[in-house]
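What follows is the residue order along each chain.
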Amino acid sequence: MAAGRSPQSYLGWVFFRIEDSWKLPLGYSSKLNFPVGTPVAYTDSMPIIAAAMKVVSRQLPSTFQYLGLVGLANYILEHRSSYTNFNLFAAKTTMPRRIMPWRHRWILVSP
């Protein structure tokens, strides 16, 4: 498994997914930090999405992970919001025509 935050997030999701029942606080997993347990939020597993995916986890493959889907959704939302912001900005300023089609794409390639 690769180094970084992805393994931690994925393992938090896996342990939360195999939990037998729902416990309070929402997202609590007794299999993490055994025997005390810990909430899935402490594993950077995006607890709101983890809870939504646990509802349908029986229909998902055993190796399912949503981190890539969340990354794609973030990428699309970032593109859309930058497009909207640049359109609002361009309405108030005069921008050369050759820049207009590329005005929002610089955000996608910036680190």
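This section reports on the structure supplied with the text. (Residues numbered from 1 in each chain as written. Predicted model: local features only at pLDDT ≥ 70, side-chain atom pairs only at ≥ 80, totals over all residues. Heavy atoms only, no water.)

**Section: the overall build of the protein**
- The helix and strand inventory of the protein stands at four helices and two strands.
- When its helices and strands are written in sequence order, the protein yields α-β-β-α-α-α.
- When each of the 111 residues of the protein is scored for burial, the buried share is 29%.
- Of the contacts formed within the protein by residues at least 6 apart in sequence, a portion of 47% connects residues at least 24 apart.
- Counting only carbon and sulfur atoms, one obtains 65% of the accessible surface of the protein, whose full area is about 8000 Å². (Helix = DSSP H or I, 4+ residues; strand = E, 2+ residues; numbered from the N terminus. Buried < 20%, exposed > 50% of the residue type's maximum accessible area, 1.4 Å probe, protein only. Contact = heavy atoms within 4.5 Å. Areas by Shrake-Rupley, 256 points an atom, 1.4 Å probe, with all protein chains shown as cover.)

**Some words on the nonpolar core**
- One finds Tyr10, Trp13, Phe16, Val40, Ala50, Phe64, Tyr66 and Val70 forming the largest nonpolar core, which totals eight residues.
- Of all the elements, helix H1 (residues 5–17) adds the most residues to this core, at three residues.
- For Tyr66, the residues in contact, after removing those within four places along its chain, are Trp13, Ser45, Met46, Ile49, Ala50 and Met53. (Core = buried A, V, L, I, M, F, W, Y, C linked by side-chain atoms within 4.5 Å.)

**What to know about helix H2 (residues 47–55)**
- Regarding H2, the residues found buried are Ala50, Ala51 and Lys54. Buried residues along H2 cover an arc of 100° about the axis, so they all sit on one side. Set apart from the buried face of H2 by more than 90 degrees, the exposed residues are Ile48 and Val55. (Arc of directions from axis to C-beta.)

**Concerning the side chain of Ser9**
- Structurally, Ser9 is set in helix H1.
- Those residues in contact with Ser9 that lie beyond four places of it in its chain are Thr43, Asp44, Ser45 and Leu67.

**Side note on a nonpolar patch on the surface**
- Nonpolar side chains collect at one region of the surface, where Trp22, Leu24, Leu26, Val55 and Val56 lie side by side and expose about 570 Å² of accessible area between them.
- With respect to the secondary-structure elements, Val56 resides in the loop between H2 and helix H3 (67–92).
- For Val56, a relative accessible area of 35% puts it in the partly exposed group. (Patch = residues over 30% accessible without salt bridge, like charges linked within 9 Å, V, L, I, M, F, W, Y side chains within 5 Å. Salt bridge = Lys/Arg side-chain N within 4 Å of Asp/Glu carboxyl O.)

**Description of the packing of aromatic side chains**
- Applying the stated criterion to the full structure yields two aromatic pairs.
- Relative to Tyr66, the ring of Trp13 lies with its centre 5.2 Å away and its plane at 75°, an arrangement referred to as edge-to-face. A residue pair is termed long-range when its members are at least 10 positions apart, and Trp13 in helix H1 and Tyr66 in the loop between H2 and H3 qualify at 53 residues. Accessibility assignment for this pair places Trp13 and Tyr66 in one class, buried.
- One residue, Lys54, lies across the ring of Phe16, its end atom 4.5 Å from the ring centre.
- The residue whose ring lies beneath Lys54 is Trp22, and the NZ or CZ to ring-centre distance is 5.1 Å. (Phe/Tyr/Trp six-rings, centres within 6.5 Å; stacked < 30°, edge-to-face > 60°. Lys NZ or Arg CZ within 6 Å of the ring centre and 35° of its normal.)

**Here's the deal with the side chain of Ser45**
- With respect to the secondary-structure elements, Ser45 resides in the loop between strand E2 (38–39) and H2.
- Overall, Ser45 belongs to the buried group, its relative accessible area being 0%.
- At a separation of 2.7 Å, a polar atom in the side chain of Ser45 contacts the side chain of Thr43.
- Contacts of Ser45, omitting those with residues within four sequence positions, involve Gln8, Ser9, Gly12, Trp13, Val40, Ala50 and Tyr66. (Polar contact = N/O pair within 3.5 Å; in protein donor to acceptor, adjacent residues only side chain to side chain.)

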